[in-house]
Amino acid sequence: MNSVYVTSGMGEHAVVTTRVAERQWHALEDDQVVGRGHTSRRPDGRIFLSIDAWHGAVFDQLADAMLADLPKPLYTVVDEADLELTSHWERAGFTTRRREWEYLVPTDPRITGLGCVLPPSGVTIVAVGGAEEGPLRALDRVIRDEVEASVGWQEMPAEVLPRLDGATLVDPSKYAVAAQSDEYVGLVRVAAVTRQPRIGLIAVRSDQHRRGIARALLAHVLGSLHRCGTETASAEVNESNGAAMALYEGAGARRASSNLELVLR
């Protein structure tokens, strides 16, 4: 693709905004790239935009070109502390859909207070990588249906959103589970990110809530990371998820930053 969408004068030379590929736009001034736009499709099918531009006017120009050619709704994610970038997107018509806090979670049981936490009677914890795929997929399906029937699965962190084929559990080796009798009733997903492990999801079947299973899963995972020499893990939590925020903050986690998901409908 090589369609010119917009031109405007930034100085001595006009800035030309061109779609250079299916998901990429460039803003050129005197044959030099002064801005780039890109789209990505999330696993759940939603389209997210990103723009990197030297000047606000170039950002606006790229946004206009991209919005003219893409189906709505459209989304983007910004660091809430980046006020300038947030204002650029708002100028393009985007509004805040939700806020997601990033927590830094200590692993030392002397800090978390989880060293003595055990699962409730009749429940055992199966370590990360030890879960059987069949029961794990069955639990994932139950939990997804329960979430979808309440707040909606789109409120979950992006990394656990369903793919276009509907799957939400891609790599069973990243999960620890809570087992009761011959079935799984809770799970936690841990991504071994190079710098800092990420806890992507803690979920318990609704009929097993308020038994301390989520806390036991968190205690298990953090304890395992601590024994491996990891001092902190990270976790992202939607600010509307009061239970998850209470769970992490009760273990000494602190808010490190926040991201805003913006939408243009």
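As the structure is a prediction and not an experimental result, all values here were calculated from the model. (Residues numbered from 1 in each chain as written. Predicted model: local features only at pLDDT ≥ 70, side-chain atom pairs only at ≥ 80, totals over all residues. Heavy atoms only, no water.)

*Asks:* Hey, could you run me through the pattern of salt bridges in this one?
*Replies:* Two side chains with opposite charge may pair up if their charged atoms get near one another. For the structure on display, the rule yields 16 salt bridges. Taking the shortest distance from any N to any O, the salt bridge between Arg99 and Glu239 comes out at 3.0 Å. Taken together, the positions of Arg99 in strand β7 (residues 95-106) and Glu239 in the loop between β12 (232-238) and α6 (242-250) put the pair 140 residues apart, joining distant regions of the chain. Glu183 serves as the salt-bridge partner of Arg205, at 3.4 Å between the closest nitrogen and oxygen. Pair noted here: Arg205 is in the loop between β11 (198-204) and α5 (213-227) and Glu183 is in strand β10 (residues 183-191), with a separation of 22 residues, a long-range link. For Arg205, a relative accessible area of 12% gives the class buried. If you follow the salt bridges from partner to partner, you end up with Arg46, Arg97, Arg98, Glu100 and Glu261 in one network. (Salt bridge = Lys/Arg side-chain N within 4 Å of Asp/Glu carboxyl O. Helix = DSSP H or I, 4+ residues; strand = E, 2+ residues; numbered from the N terminus. Buried < 20%, exposed > 50% of the residue type's maximum accessible area, 1.4 Å probe, protein only.)

*Asks:* Which parts of the structure should I look at to understand the pairing of β7?
*Replies:* Working note: regular strand, side chains alternate between the two faces of the sheet. Summarising the sheet, β7 and strand β13 (residues 254-264) pair through nine bridges and their orientation is antiparallel. In the sheet register, Glu102 faces β13, and the bridge partner there is Ser257. In terms of strand pairing, β7 meets β12 through seven bridges, oriented antiparallel. Counted as the bridge partner of Tyr103 is Ala235 from β12. (Pairing = 2+ DSSP bridges.)

*Asks:* For this particular structure, what's the right way to read the nonpolar core?
*Replies:* Nonpolar side chains tend toward joint burial in soluble globular proteins. Counting 31 residues, the largest nonpolar core has Val188, Ile199, Leu218 and Tyr248 as the members making the most contacts within it. Mapped onto this core, the elements with two or more residues apiece are β7, β9 (175-180), β10, β11, α5, β12 and α6. Residue contributions to this core peak at eight residues, all from α5. Once residues within four sequence positions are removed from consideration, Tyr248 is found in contact with Val105, Ile199, Ile202, Leu218, Ala235, Val237 and Ala253. The next biggest cluster of nonpolar side chains, apart from the first, holds 22 residues, and it includes Val34, Leu67, Val78 and Leu262. (Core = buried A, V, L, I, M, F, W, Y, C linked by side-chain atoms within 4.5 Å. Contact = heavy atoms within 4.5 Å.)

That's the geometry; what it means functionally is another story.
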